[in-house]
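The chain contents come next:
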Amino acid sequence: MAPAFAFFMKHGTASEIISPFPTMSVNVESSLLTGHYSDVHHVPGLVWFHDEEKRLINYGTNASELLQLGLATSLKDPLYNINHEHLNKKAATIFEELSKKGKNSASINGLLYRGSQEKVMQLPFLLSLLPTFHRSLAVKGPDLLTYGSFIKQNPFAKYGHFWQRFGFNNRFSAQELIYLIKNHSLPPFTMVYFPDMDQIIHKKGVEDLSGIVKTDRELQKVLDSFHSWEEALKNNVWIIMGDNGQAVVRPRNQNPLIHLEKLLSSYRITKLSKGVRKDDDIVLAVNQRMAFVYLLQPNHSLEEIANILKTDARIDVIAWREEEKIKVVSGRREGMLMFKKGGQWEDPYGSMWTLNGDIEVLDIFTEGSRIKYGEYPDALARLHAAALSHKGQFLMISAYPGFEFKYGSSPVHVGGASHGGLHQHDSLAAIIVSGTERLPKYNRMIDVKDWILSMLDS
């Protein structure tokens, strides 16, 4: 059913790799490109609250939420702001680092694409009618940039109409890569995003194979653009990777949705269509199986809100920052864990930590001075990074597999699958490496950038 995947696995290494938290595509891509978690790159998730601008940032959950937040502003966030305003300018992307080394690179349909070269996107006519938009948009990207039909390499490219998501689909991505291969234009590094499988699994669940088959069909076309599939491996390293896992969401009759407005009904919650009002108590930013809960008023505390949330056993992890410590409680486990960076406990990735309280809350085990992670891979570093990713007072909450957060018109995936959470079901993605014996130092996405740069340097 998937001969291209089988070919790469036969001639390579297949394993698992850990996504950053929350396990959402924009956070993952930011970590891939910069080699850091969100405490350094500053893109916290798909939805988050900008404390200085007092507004919710939404990079694209659904049309309803974007309309409520204001269409012009909401569209500018994913088109421009995420790369040029929100992504930390001090966190160099792999495209920027390669440019400094005098090496070219390419990005095909990546949501995060910031590089050193001036580029111009041509926007659809209807988009130019919105305030703040023109027909052209100046951006900075790698030497070769494809961003759907807005900017492309193949002048005869198909599959880029508005009913085909303006080119953000597997077939458009594949034809752009094939165009570079056939025109002998592949730079030393090319990153290509195939987006279709995510939505298929959201709808049909993790057991459905149609997304794999569909993606494999495009990979076959890419391999066919060489004289032989074996030739494709001769002078190229191929890294095929998912951006996160997906956890099952139970059917509707098993109470899968955690309605945050009901749990937190004693607080005044900001409504999307009205924006933040002076008497609002909290803001909710839902990232599927994860959510940020922002505290706006000084007469309440994060721990007070956490104590309410932990009465729901469907909420797996509840964490917040208190000065230099991170506190963690759970709706499923008793006790509280407090941890901070530095100390006598070493995790599998060489980081040192101070631990106080109940380590079982995060399913952590210790052997001597060593930490072992259970259901939450690299949990301490990922939670610590998310807590420091942006300004404000907020809780980070993660649902147990089978469940998903809901507020207002946030999208849900009842009977399908979802991600965003800290659990290993969300956090472990597949990776296949072909064409080299070398692998990243650790099985984490933040280690991929340095690994790629080291291969290109040698």
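Structure: above.
Residues numbered from 1 in each chain as written. Predicted model: local features only at pLDDT ≥ 70, side-chain atom pairs only at ≥ 80, totals over all residues. Heavy atoms only, no water.

1. Points about the overall build of the chain
Then step 1. Each helix and strand counted, the chain has 16 helices and 23 strands in total.
Then step 2. For the chain, whose C-alpha radius of gyration is 22 Å, the value lies close to the compact-globule estimate of 23 Å for 458 residues.
Then step 3. Seen along its three principal axes, the alpha-carbon backbone of the chain occupies a region of about 65 × 60 × 45 Å.
Then step 4. Within the chain, contacts between residues separated by at least 24 positions form 64% of all contacts whose residues are at least 6 apart in sequence.
Then step 5. When the accessible surface of the chain is totalled, it reaches about 19800 Å², and 52% of it is carbon and sulfur.
Then step 6. Each charge sign in the chain was given a centre, from 51 positive and 50 negative side chains, and these centres are 5 Å apart. (Helix = DSSP H or I, 4+ residues; strand = E, 2+ residues; numbered from the N terminus. Rg over C-alpha atoms; globule rule 2.2 N^0.38 Å. Contact = heavy atoms within 4.5 Å. Areas by Shrake-Rupley, 256 points an atom, 1.4 Å probe, with all protein chains shown as cover. Lys, Arg positive; Asp, Glu negative; His and termini not counted. Charge placed at Lys NZ, Arg CZ, Asp CG, Glu CD.)

2. Here we look at the packing of aromatic side chains
Then step 1. One pass over the structure, following the stated rule, counts 17 aromatic pairs.
Then step 2. Relative to Tyr 294, the ring of Phe 49 has its centre 5.4 Å away and its plane inclined at 55 degrees; by these criteria the two rings are tilted. Within this pair, whereas Phe 49 is found in strand β2 (residues 47-50), its partner Tyr 294 is found in strand β13 (residues 290-295), the two being separated by 245 residues in sequence.
Then step 3. By relative accessible area, Tyr 294 is classed as buried at 1%.
Then step 4. On the basis of an interplanar angle of 80 degrees and a centroid distance of 4.9 Å, the ring pair of Tyr 147 and Phe 168 is categorised as edge-to-face. Of the two residues, Tyr 147 is situated in the loop between β7 (144-146) and α8 (170-182) and Phe 168 in the loop between β7 and α8; the sequence distance between them amounts to 21 residues. For the pair Tyr 147 and Phe 168, one class covers both residues: buried. (Phe/Tyr/Trp six-rings, centres within 6.5 Å; stacked < 30°, edge-to-face > 60°. Buried < 20%, exposed > 50% of the residue type's maximum accessible area, 1.4 Å probe, protein only.)

3. Some details on the pattern of salt bridges
Then step 1. The full count for this structure, using the stated rule, is 23 salt bridges.
Then step 2. Here the residues in one salt-bridge network are Glu 53, Arg 55 and Asp 77, joined through shared partners. (Salt bridge = Lys/Arg side-chain N within 4 Å of Asp/Glu carboxyl O.)

4. Concerning the sheet that holds β7
Neighbouring strands of a sheet are bound in pairs by backbone hydrogen bonds; such pairs are parallel or else antiparallel.
Then step 1. Taking strand neighbours across the sheet as the criterion, the three strands line up as β7-β4-β8 in an open arrangement whose pairing is parallel. Two strands in the sheet have a free side with no partner beyond their single neighbour: β7 and β8 (189-192). Averaged over neighbouring strand pairs, the angle between their axes works out to 5 degrees when direction is ignored.
Then step 2. With three bridges connecting them, strand β4 (residues 105-108) and β7 associate as parallel partners. Following the sheet pairing, Ala 106 is matched in β7 by Leu 144.
Then step 3. Strands in contact with α8 are β4, β7 and β8; relative to β4, the strand with the most contacts, it is inclined by about 155 degrees. (Pairing = 2+ DSSP bridges. Axes fitted to C-alpha atoms, helices over the stretch in contact; angles between N-to-C directions.)

5. Some words on helix α5 (residues 71-86)
Since one α-helical turn is 3.6 residues long, residues separated by three or four positions face the same way.
Then step 1. Its 16 residues place the ends of α5 only 18 Å apart at the C-alpha level, less than the 22 Å of an ideal helix rising 1.5 Å per residue.
Then step 2. Within α5, the axis deviates most sharply at Tyr 80, by approximately 65 degrees.
Then step 3. Residues of α5 that are buried include every one of Ala 72, Ser 74, Asp 77, Pro 78, Leu 79, Asn 81, Ile 82, Asn 83, His 84 and His 86, and no others. (Expected span 1.5 Å × (residues − 1). Bend = angle between axes of the 7 residues up to and from the residue.)

6. Details of the side chain of Ser 398
Then step 1. Examined against the element boundaries, Ser 398 turns out to sit in strand β20 (residues 394-399).
Then step 2. Relative accessible area serves as the criterion here: at 1%, Ser 398 is assigned to the buried category.
Then step 3. In this structure the side chain of Ser 398 is engaged in a polar contact, spanning 2.9 Å, whose partner is the backbone nitrogen of Leu 422.
Then step 4. Those residues in contact with Ser 398 that sit more than four places away from it in its chain are Phe 21, Arg 289, Ile 315, Asp 316, Val 317, Phe 405, Gly 421, Leu 422 and His 423. (Polar contact = N/O pair within 3.5 Å; in protein donor to acceptor, adjacent residues only side chain to side chain.)

7. Quick look at the sheet that holds strand β1 (residues 12-18)
Then step 1. In spatial order, the strands read β1-β23-β9; together these three strands make up an open sheet with antiparallel pairing. Here the strands that pair on one side only, and so sit at the sheet edges, are β1 and β9 (238-241). Taking each pair of neighbouring strands and ignoring which way they run, the sheet shows an average axis angle of 20 degrees.
Then step 2. Sheet topology note: the β1/strand β23 (residues 428-434) ladder contains seven bridges and is antiparallel. Residue pairing in the sheet places Thr 13 in a bridge with Val 433 of β23.

8. With respect to the pairing of strand β18 (residues 364-367)
Then step 1. Examined bridge by bridge, β18 and strand β19 (residues 370-373) share four bridges and lie antiparallel to one another. Paired with Thr 366 across the bridge in β19 is Ile 371.

9. Digging into the nonpolar core
Then step 1. One finds Val 328, Phe 339, Leu 362, Leu 383 and Met 396 to be the most contacted residues of the largest nonpolar core, which totals 68 residues.
Then step 2. Looking at which element gives the most residues to this core, the answer is helix α14 (residues 379-387), with seven residues.
Then step 3. Setting aside chain neighbours within four positions, we find Phe 339 in contact with Glu 324, Lys 325, Ile 326, Val 328, Trp 353, Thr 354, Leu 355, Leu 362, Leu 380, Leu 383 and His 384.
Then step 4. Core analysis: the next-biggest nonpolar cluster, separate from the first, contains 25 residues, Leu 264, Leu 302, Ala 306 and Leu 309 among them. (Core = buried A, V, L, I, M, F, W, Y, C linked by side-chain atoms within 4.5 Å.)

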